[in-house]
Amino acid sequence: MVSLKIDGIDANVDGSLTILEAAEAVGVNIPTFCHHKMLNPFGACRVCLVEVKGNPKLLTACTTPVMDGMEIITSSEKLAKIRKTLIELLLINHPLDCPVCDKGGECTLQDLAFEFGVTKVRFDEVPMKEPVDHSNPFIERDINRCVLCGKCVRICDEVVNVQAISFIGRGTDTYIGTAFDQAWNCEYCGQCMSVCPVGSLGNRVFLHKNRPWNMKTTYSICGLCSCGCTVVLKHENNKVYRVDEDTDAGINHGFLCSKGRYGYEFINSDDRPEISNVKMNNVAKGIDLKKLIEPSIEKLKNIIDNYGSDAVGMVVSPRLTNEEAFLAQKLCREVLKSNNIYSLEPVTALPDATYDDVDKSDAILVLNMDITESNPILGLSIRRKVRKSGVPLVVFNPSSTALKRLTDNIIVGEPKELYKEIDSFVSSLEGKSEKYKELVSKFKSAEKPLLVFNPYNEIDLYYVERLKKLIPGLKLLPARSKNNSQGILDMGCYSGIRPGYQQCEAGHELAEGIKKGRLKALIVLGENLDLSPEYCSLFDELDKLGLLVVLDPFMSEMSKKAHLYIPVASYAEKDGSFTNFEGRVQSIQKAIDKGFVTDRDFIVSVAEFFNVVLPHSTGDIRVMITQENPLYKDISWDGEVIKYPYLLKHGRSQRKDIICGDGGYNLYPASLRLHSGSYTRRSPELSKVYSEPLLEINPADARDLNVENGEYIKLISGGIEEKFKVDVNEKMSLKTVSLPDNYPSTARIFSINRYLKVDLKR
Amino acid sequence: MTENSLGVHVCMGTAGVASGGREVMEAFNEELKKHGLAGDVKERDCKVKATGCRGLCARDVLVDIIIPGKDEVTYEHVTAEIVPLIVEQHIMNGDVVKKHAAKKDYYGFYELQKRYVLKDCGIIDPEDMDDYIGHGGYSAVKTVLNDMKPEDVIEEVKKSGIRGRGGAGFPAGLKWTFCSKSPGETKYLICNSDEGDPGAFMDRSVIEGNPHCVIEGMLIAAYAIGCNEGYIYCRAEYPLAIERVKKAMKDAEAGNYLGKNILGKDFDFTLHLKEGAGAFVCGEETALLASVEGERGMPRSRPPFPAVRGLWDKPSNINNVETIANFPLIINKGADWYNSIGTEKSKGTKIFALAGKIKNAGLVEVPMGITLKELIYNVGGGIPNRRKFKAVQLGGPSGGCLPESLLDTPIDFDSLQSTGAIMGSGGVVVMDETNCMVNVAKFFLSFTQKESCGKCIPCRIGTKAMLDILERITVGEGREGDIDLLENLAEEIKISSLCGLGQTAPNPVLTTIKYFREEYEEHIKNRKCPARECADLIDFVVDDDRCTKCGACFRVCPTGAIEWEKKMVAKIDLSKCVKCRECIVHCPFNAID
């Protein structure tokens, strides 16, 4: 501990703090410009200069560590003069675009000019006149407004580790750009844009659409993937204009991914139907819900009378909140008296490690996942940890990943070879093989080793179990995919498992139920079986159902099949909570109201027809959850992590046939960074960058097939012939190609197996 | 070379090479062969040796003829054409060629100098390690490794009182203790040979003339501090220095002076050479470290200082080349001897590079405490072309201009600092009445402005704002209040900049305003340049009264704009005049306004 004085105030702080941090601790505000909490101090802007008694030099508060006995003065005439001059100097070249600049109203340059009282500039103004760069699909770059604080460069370097931009040139000719002024070659995460203090890096999805003082702010949790990032929704008149971040809020520390940041347009999409039922043309918005669903409830009751309760099933998608999922399960089991409650999430692996465990880890193994694509913010925390502490990182993946910038230990290969390597790794742990001796010793001797894996891949779970046994102290991190993938399972939306994972009577197996006609009525809350490799082959069999009810914000293929389709609210339009891959329960807040009903409204209405009163308000539902779900008994719904009763379920045996089919190329499912499921496909700006499914292929293979980037190629697999656009990428291993598996065309290809041998023809 | 052999030492420092040193050497080799003197079988053999800079670069190519038993003779301005004469007349027949021999003033050049650090420059072959050893080289390392503990070496250097020669003047021994005390096994020693000041060539001459003394100095420092790895950071614009230091490093390694178990002792030191990439800012120690790490050469905030967290976050000690070259001297001759030279607070000697309007332009080494007047007039030979002294710029773009009234200032760190100038790394540029002080400030500021790394606001934009004001003043667009604006801005830039570049860039402006304010006022109020250097403020009209009708201007005008005949006053045709100022520069009577 160190004692010092700041503006006469006594402070007793940890010796590792800087003057800026110490001042913050005692409530003294020192202005900054180029400083950011999550980045190394830079000391470039000089705005935070302070006087230190006994030192003839002024020192930057952001970089200078505290010392015992220091006496610091943060404001004086001398400092006021300098701060004024610094802003004046910036205004020499900075164009006075405020009236047309999107940053107006939230601009640090404006704020500091105001704070320091800069009313005139004593020097001749020489505004720059470089053309604005529109080449990045999401980030508008106006180099004339840049103040060279370096935050964009530093965040792309220290946090994202892509190093897409840097300072180029020297002195007043310095500008921030890409290597050799080439096109932006980055992940479009937007971290740079989020830290730009002025209007130099702008949000192209938001561009010129609104002003900050018009918009309201609502904190919520992102409704896309399982990372569980805190987002700040900026909205006005029930339209979401922008998704911002808050460095001080949430497990994401103000970092977001490209879809979270730029993919919000689906919320405002004109594609969201207002009509309820295609066949009956009822306008759902504003209509009496009970009247709307009454005919369908009649049908439902009929089916129950004729065939029994176990002919009815409900499919719950991760789009639902915990509260809605809980009600859905209750409706199915207790109201409809059916055990056929389904979700497409596996219960074989439950959360163990959190982001904190990533931060504390001293050896990280990523098993068969492209983690920076599937769960970008989790990937980001791994990148930051490895960059900061240099801990060993080993990645197994069919093709190379972005993590190659941080570690040489990326082991790639077409699926069969890859699993041979994973086998070798396990054997090395057992002492039976020398191949990975050095690497495994790092994991064995680590105190906090971590394993990140794909809980959806059955084959991998066998290896996860082996690794757990062989690496002492290994923490497991099953990287779930959707915003409430974990929560819906916690709430018992799974055949045979109650809320809290106690066993109960199971219903029919879903596929069998549909195929053999045992299920006659299906209520689908959000799920789209057309996009599921496992169930898409049964998609047309759904026509056999006597009643199909689908709730979905969009008219998906599933919605089109429904007897009753109800457009419902998105995550921005309701309250509730999501549980992310850590098992962390976080609340979402309703930001806008577009007049759509929620899944909850529907469930409660249905229950009414059966004379059961289910709780409707979030508060009431939560009370019931604490009573019925032992895992959620004492939580505050504000960010705690649930403790799970088991980590892995069901002993597994090693599968012999990993890949099937025949052909010259190995196909595996890709994770997409730019899309999460199907909703983001309705965001035009995002879809401009990635619209149709792309087949990623190695340049050498592309040359052999005589196909160039952007051209189409025919894929032949298991009787299916389909044309796909090609994305030539040198990260791909030879003779190995990938496709996302959740498009209607691709889901059918992958319905045979996860890994396939396929043929490609020009 | 045997005792009986002759020596022909040809200056092959960069100035020597530029003046034709290679051709002179070839000529000597050829002539000596003709007379049967080259080679080894003769009774009297003769070796032609390339040596480093001996100082009076203005007289290059300099050649020393050493005949045992006779006085050493130096020839100046030697060209390949006069070599046969020298060989024939002097070497073969012992008769000095008086016409080309150095005059008395050549020896006067050396009178007030104390060439201790430069003692072997000009004598030994910089590419021959044995020559260095033969002249006492690497004996200090032996002393240190055999007889002294690291703490003893630090004490000795502290006792010597030597202060950094790179410009800051921080006590070297004290700096060593910071790094030595920092915890950690891995420590780095870095030699700063970036020498970015335009017109400075002190470090260059030391490395080109005697690279081994730098290696020896580094060994001493490394041993004292506890560094096992070191870097010489040399600017890429010194290809000869780089070539010579590379060879020296190779030879030193072969001779067990570098590498593992040096001289059989339990001391390892691996030395690397890192070339600069053309940035003045990389002479600043933290920017230099960034450059060695492969990063963009931008300075970092201090604290933490390099002695605590330096190269790759390990404790590092950075010393300037000249400082390092002093270490063998201090060990060999002792701290007490070193103390006897110089003033109370500034010990030892300093190498200066004399340039500008001075007769004896070249490299000099003088004891601290010598006055500016002695340096310029006695050592430097005074102002040529019958012009008057106006100002002397010390310390390059980071330094200041001092007027005639301050010529009695002794040259030591503190006396100079109190005038507003700094000692700097040793660049001394002398100016006469044809130099405009506003233009001088503009010149130095335009350099620092271009070299600014761009990281911090005050230096990046502030120096540009100052430069814009100076440019307006020099084209006659100065405004009321400009001088105060310059002064205020300059003060603020000084105290708010991140590194030494920004902190000292305003010095030329501040000192010229302090000592030559009237000149600024002339430019602004009357739109006139008294020194007639700012072309936009010159009328290019010959004053009838002052013109002596000598015709010098007529002869140098490149466009024929001057009308002149014998016994006529010259007249300038303004329609043809391109304002190149050659006439003004060459008029001995300052007759053109």
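Notes on the structure follow. (Residues numbered from 1 in each chain as written. Chains lettered and ligands numbered in written order. Predicted model: local features only at pLDDT ≥ 70, side-chain atom pairs only at ≥ 80, totals over all residues. Heavy atoms only, no water.)

### Focus: the overall build of chain A
Applied cut-off: Note on conventions: DSSP H or I runs of at least 4 residues are helices, E runs of at least 2 residues are strands, and numbering of each starts at the N terminus. Every radius of gyration here is taken over C-alpha atoms, with the globule rule written as 2.2 Å times N^0.38, N being the number of residues. Any two residues whose heavy atoms approach within 4.5 Å are treated as being in contact. Areas reported as accessible are Shrake-Rupley estimates using a 1.4 Å probe. Residue values count occlusion only from the protein chains shown. Charged-residue counts in this description rest on Lys and Arg as positive and Asp and Glu as negative, His and the chain ends being excluded. Charge coordinates come from a single atom per side chain, which is NZ of Lys, CZ of Arg, CG of Asp or CD of Glu.
Counting its regular elements, chain A contains 22 helices and 32 strands. For chain A, whose C-alpha radius of gyration is 28 Å, the value lies close to the compact-globule estimate of 27 Å for 762 residues. Overall, the C-alpha framework of chain A stretches about 90 × 65 × 55 Å when taken along its three principal axes. For chain A, contacts bridging at least 24 residues in sequence account for 71% of all contacts bridging at least 6. Total accessible area on chain A is roughly 29,700 Å²; 48% of this is exposed by carbon and sulfur atoms. Of the side-chain charges in chain A, 95 are positive and 102 negative, and the distance between the mean point of each set is 1 Å.

### Re the interface of chain B and chain A
Basically, it comes down to this: Two parts placed together each lose some accessible area; with a 1.4 Å probe, that loss summed over both constitutes the buried area. By salt bridge we mean one thing: a side-chain nitrogen of Lys or Arg within 4 Å of a carboxyl oxygen of Asp or Glu. In protein, a polar contact requires one atom able to donate a hydrogen and another able to accept it; more generally it is a pair of N or O atoms within 3.5 Å, and residues adjacent in sequence count only if both atoms are side-chain atoms. We call Asp, Glu, Lys and Arg charged. Ala, Val, Leu, Ile, Met, Phe, Trp, Tyr, Cys and Pro are nonpolar, and the rest, Gly among them, are polar.
Opposite the 31 residues of chain B that make contact, chain A presents 34 residues. A combined buried area of about 2,700 Å² lies between chain B and chain A, and 59% of that area is made up of carbon and sulfur atoms. Along the contact surface separating chain B from chain A lie three salt bridges. The partner of B:Arg472 in a salt bridge is A:Asp124, with the nearest N and O atoms 3.6 Å apart. On the surface where chain B and chain A come into contact, there are 15 residue pairs in polar contact (both at pLDDT 80 or more). Those elements that provide at least two residues to the side of chain B that touches chain A are helix H17 (437–451), helix H18 (457–474) and helix H19 (482–496) of chain B. Looking at the side of chain B that touches chain A, the element that brings in the most residues is H18(B), giving eight residues. Considered class by class, the residues forming the side of chain B that touches chain A number 13 nonpolar, nine polar and nine charged.

### Structural notes on the environment of A:Thr230
All names here are of chain A. As a reminder of what qualifies: Exposure is judged per residue with a 1.4 Å probe applied to protein chains only, and the accessible area is read against the type maximum: over 50% gives exposed, under 20% gives buried, and values in between give partly exposed.
Looking at where Thr 230 falls in the secondary structure, it is placed in strand S11 (residues 230–236). Given the relative accessible area of 9%, Thr 230 is considered buried. The spacing of Thr 230 and His 253 is 23 residues in sequence and 8.4 Å in space, taken between C-alpha atoms.

### Re the sheet that holds strand S24 (residues 584–588) of chain A
All names here are of chain A. Threshold: Strands were regarded as paired on the criterion that DSSP finds at least two bridges between them. Only C-alpha atoms enter the line fits that serve as axes; for helices the fit covers just the stretch in contact. Angles between N-to-C directions range over 0 to 180 degrees.
The antiparallel open sheet is built from three strands, whose spatial order is S23-S24-S25. Strand pairing shows two members of the sheet lacking a second neighbour, strand S23 (576–579) and strand S25 (638–641), which therefore form its edges. Taken pair by pair, the neighbouring strands of this sheet meet at an average axis angle of 25°, ignoring direction. Here four bridges tie S23 to S24, and the two strands are oriented antiparallel to one another. Across the sheet, the residue bridging to Ser 577 is Ser 587, located in S24. The sheet contacts of helix H8 (residues 322–335) involve S23 and S24, and relative to S23 the element is tilted by about 90°.

### Topic: the pattern of salt bridges
Following the criterion strictly, the structure yields 76 salt bridges over all chains and no others. A salt bridge links B:Arg244 to B:Glu127; its shortest N-O distance comes to 3.1 Å. Of the two residues, B:Arg244 sits in helix H11 (residues 239–254) while B:Glu127 sits in the loop between helix H4 (104–111) and helix H5 (129–134), which places them 117 residues apart along the sequence. A residue is classified by how much of its surface remains accessible, and B:Arg244, at 5% relative accessible area, is buried. For B:Asp336, the salt bridge is made with B:Lys159, and the minimal N-O distance between the two is 3.9 Å. Linking B:Asp336 in helix H14 (residues 335–339) with B:Lys159 in helix H7 (residues 150–160), this pair joins segments that are 177 residues apart in sequence. Several salt bridges converge on common partners, so that one network encompasses A:Glu106, A:Lys234, A:Arg242 and A:Asp244.

### Examining a nonpolar patch on the surface
All names here are of chain B. Put simply, the rule is: Residues enter a patch when their relative accessible area is above 30% and they make no salt bridge; the linking distance is 9 Å between like charges and 5 Å between nonpolar side chains (Val, Leu, Ile, Met, Phe, Trp, Tyr).
Side chains of Phe 170, Leu 174 and Phe 178 sit close together on the surface and give an oily, nonpolar patch of about 260 Å² of accessible area. Mapped onto the fold, Leu 174 is located in helix H8 (residues 172–181). For Leu 174, a relative accessible area of 34% gives the class partly exposed.

### Quick look at the side chain of A:Thr736
Topologically, A:Thr736 is positioned in strand S31 (residues 736–740). Once you skip the residues sitting within four places of it in the chain, A:Thr736 turns out to touch A:Pro398, A:Ser399, A:Glu414, A:Asn666, A:Tyr668, A:Glu696 and A:Asp701.

### Comments concerning unusual backbone geometry
That bond from B:Arg302 to B:Pro303 is cis: its omega, 10°, falls within 30 degrees of zero. With an omega of 5°, the peptide bond between B:Pro303 and B:Pro304 qualifies as cis. Topologically, B:Pro304 is positioned in the loop between helix H12 (285–292) and strand S8 (316–320). At A:Gln163, a residue that is not glycine, the phi angle is positive and equals roughly 50°.

### Some words on the pairing of S24(A)
All names here are of chain A. Most of S24 is tucked away: five of the five residues are buried. Side-chain alternation along S24 places Arg 584, Gln 586 and Ile 588 on one buried face and Val 585 and Ser 587 on a second face that is also buried. Hairpin geometry of S23 and S24 is characterised by an intervening segment of four residues between the two adjacent antiparallel strands and by a positive phi of about 90° at Gly 583. Bridge count between S24 and S25: three bridges; the pairing is antiparallel. Of the residues in S25, the one forming a bridge with Arg 584 is Val 641.

### Brief notes about the environment of A:Tyr565
Residues and elements named next belong to chain A. Its place among the elements puts Tyr 565 in strand S22 (residues 564–566). Once the C-alpha coordinates of Tyr 565 and Leu 551 are considered, the two residues, 14 residues apart in sequence, prove to be 5.8 Å apart. There is a polar contact of 2.8 Å between the side chain of Tyr 565 and the backbone oxygen of Asp 552.

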